[in-house]
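Observations on chain architecture
What follows is the residue order along each chain.
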Amino acid sequence: MARAREFDEEAVLSAAMALFRQQGYRRTSISDLARVTGVQRGSLYNAYQDKESVFLKVYQHYTEQFLADCQAALAEGPLRIRLTLLSQVWIRSMRQGTPAQGCLTTRTIMEAADELDSTRSVMAQFLSQLENLIAEALEAGRAQGEFSGDARATARLLVSVSRGMAVLERVYDDEERLQQIATETIGAVTGAAGRS
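Here's a quick rundown of the structure. Each residue is numbered by its place in its chain's sequence as written, counting from 1. Selection of residues for local features in this predicted model requires a pLDDT of at least 70, selection of side-chain atom pairs for listing and counting requires 80 or more, and totals for whole chains, interfaces and linings are taken over all residues. Derived side-chain values reflect all non-hydrogen atoms in the structure, with water molecules and hydrogen atoms excluded from consideration.

**Some thoughts on the packing of helix H6 (residues 104-112) against helix H8 (residues 151-172)**
For helices, the axis comes from a line fit to the C-alpha atoms of the stretch in contact; other axes are also lines fit to C-alpha atoms, and the angle between any two N-to-C directions lies between 0 and 180 degrees. Counting from the N terminus, the helices are the DSSP runs of H or I reaching at least four residues and the strands are the DSSP runs of E reaching at least two. The contact between H6 and H8 brings their axes to 9 Å, and the two run at 80°. If you check the angle between H6 and H8, you find them roughly perpendicular. In this structure, H6 contributes Thr105, Thr106 and Arg107 to the contact, and H8 contributes Arg163, Ala166, Val167 and Arg170. In this count, Pro and Cys sit with the nonpolar residues alongside Ala, Val, Leu, Ile, Met, Phe, Trp and Tyr, while Asp, Glu, Lys and Arg are called charged and the others, Gly among them, polar. Its residues placed into classes, the contact of H6 with H8 shows 2 nonpolar, 2 polar and 3 charged. An angle below 35 degrees is treated as roughly parallel, one above 145 as roughly antiparallel, one from 65 to 115 as roughly perpendicular, and anything else as oblique. Should any heavy atoms of two residues lie within 4.5 Å, those residues are counted as being in contact.

**Remarks on helix H1 (residues 9-23)**
Helix length check: H1, at 15 residues, gives a terminal C-alpha distance of 21 Å against a target of 21 Å (1.5 Å per residue), a fit within 8%. Accessible area is worked out with a 1.4 Å probe on protein chains only. A residue is then buried under 20% of its type maximum, exposed over 50%, and partly exposed in between. Within H1, burial applies to Val12, Leu13, Ala16, Met17, Leu19, Phe20, Arg21 and Gln23. Buried residues in H1 make contact with helix H2 (30-37), helix H3 (41-48), helix H4 (51-73), helix H5 (79-94) and H6. The opening residue of H1 is Asp8, an N-cap whose side-chain oxygen sits 3.1 Å from the backbone nitrogen of Glu10. Here the expected length of a helix is defined as 1.5 Å per residue gap, with one fewer gap than residues. Residues adjacent in sequence count toward polar contacts only when both atoms are side-chain atoms; beyond that, a polar contact is any pair of N or O atoms within 3.5 Å, and within protein one must be able to donate a hydrogen and the other to accept it.

**Structural notes on H3**
All of the buried residues along H3 are Leu44, Ala47 and Tyr48. One side of H3 holds all its buried residues, which, seen down the axis, span an arc of 75°. The secondary structure elements touched by the buried residues of H3 are H1, H2 and H4. A positive backbone phi angle near 80° is found at Gln49, which sits one or two residues after H3. In this description, one arc is meant: the one made by directions from the helix axis to the C-beta atoms.

What follows is the structure in structure tokens.
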């Protein structure tokens with residue numbers, strides 16, 4: 001029987017997540033993770049086997065919270081408001097930290113997709129879950145007469161815009177630009193472009 005872990009896993013995952021977001025997957029080593037978490041390398045190996053396994057556990061923690069925040073943003077109110085709140089979740093996540101840490105999904109897939117086969121499938125699953133949440137909100141908006149397009153195709157478009165925003169955040173480090181992109185995109189989707 002495996003021994004119980006002798007560390008606070010929540011604290012370890014939070015510290016590991018901050019490091020992966022700051023340095024990226026490729027530049028982060030098990031030694032780095034041991035240093036920032038305060039857990040010896042051997043204990044990390046015993047608990048998680050390797051760096052990718054640590055990352056997968058961190059990523060699961062990250063996406064569960066992110067999707068919960070997205071679901072809360074889309075829970076109620078007019079469609080335009082719900083999509084605006086959703087975009088704020090995205091931007092807040094990208095701009096978190098000093099300096100801003102960016103999007104863990106987009107950063108990792110752009111940096112290390114060729115060496116992370118299992119992680120790539122987990123990221124695809126996360127993006128599909130995000131797409132499903134948005135499609136459900138758009139279908140609800142259609143029932144209220146707030147949306148008349150193809151819910152699935154538009155949800156896929158909004159997920160794609162969110163990934164583009166994550167890249168632009170890294171390039172420009174400009175929150176106002178992200179807000180403008182979100183506002184213009186939501187206006188186009190809801191037929192409310194240019195309204196105050």
